[in-house]
Amino acid sequence: MFSGIQEILLLVIIILGILFLPRILNRGAETRQAAPRPAIVISGKMRLAVAASVIWPAVVAAFLQPWKQDLSRYLYLGIGPVALIWIIYWVFTGFRKK
């Protein structure tokens, strides 16, 4: 007696799921497609600056070998100039925007 009712309820749930589930899932997709994010464009100069920021400390590390000698010398000659240049760029960009 109860198994017949359970089968009917299961069929109703499956039919409702088939009818309403695609509508519920498409609502979120429509809002995502309506507002596309703008692509971030990186100029050639910025790509060169990022590449140099990675290459310079690596080259200085290869010559100074801070894992064998003094680490402070590597911090001043390897990472220091890169950090200083990026800080100067950040400050000038802030003045240019205002």
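Rules behind the numbers
- Residues numbered from 1 in each chain as written.
- Predicted model: local features only at pLDDT ≥ 70, side-chain atom pairs only at ≥ 80, totals over all residues.
- Heavy atoms only, no water.
- Phe/Tyr/Trp six-rings, centres within 6.5 Å; stacked < 30°, edge-to-face > 60°.
- Helix = DSSP H or I, 4+ residues; strand = E, 2+ residues; numbered from the N terminus.
- Buried < 20%, exposed > 50% of the residue type's maximum accessible area, 1.4 Å probe, protein only.
- 1 Å grid on protein atoms, 1.4 Å probe; cavity = no way out; pocket = protein on both sides within 12 Å on 5 of 7 lines; lining within 4 Å.
- Points joined across faces, edges and corners; volume = space filled by probe spheres on them.
- Nonpolar A, V, L, I, M, F, W, Y, C, P; charged D, E, K, R; others polar.

Peer 1: Would you take a moment to explain the packing of aromatic side chains for this structure?
Peer 2: The relative placement of two aromatic rings is captured by the distance of their centres and the angle of their planes. Here the structure, examined in full by the defined rule, presents one aromatic pair. Taken together, a centroid distance of 5.6 Å and an interplanar angle of 90° make the contact between W86 and Y89 edge-to-face. Highlighted residues: W86 and Y89, both in helix α3 (residues 71–97), separated by three residues, approximately one helical turn. Owing to a relative accessible area of 27%, W86 belongs among the partly exposed residues under this scheme.

Peer 1: Just to check I follow, could you spell out the layout of surface pockets for this structure?
Peer 2: Rolled over the atoms, a probe sized like a water molecule indicates the empty space that remains. Of the volumes computed, that of the largest pocket is approximately 300 Å³. K45, A49, S53, I85 and W86 are the residues nearest the centre of the largest pocket, which is lined by 14 residues in total. Secondary structure elements with two or more residues in the lining of the largest pocket: α2 (44–64) and α3. Tallying contributions element by element places α2 first for the lining of the largest pocket, with six residues. Of the residues contributing to the lining of the largest pocket, the split by class is eleven nonpolar, two polar and one charged.

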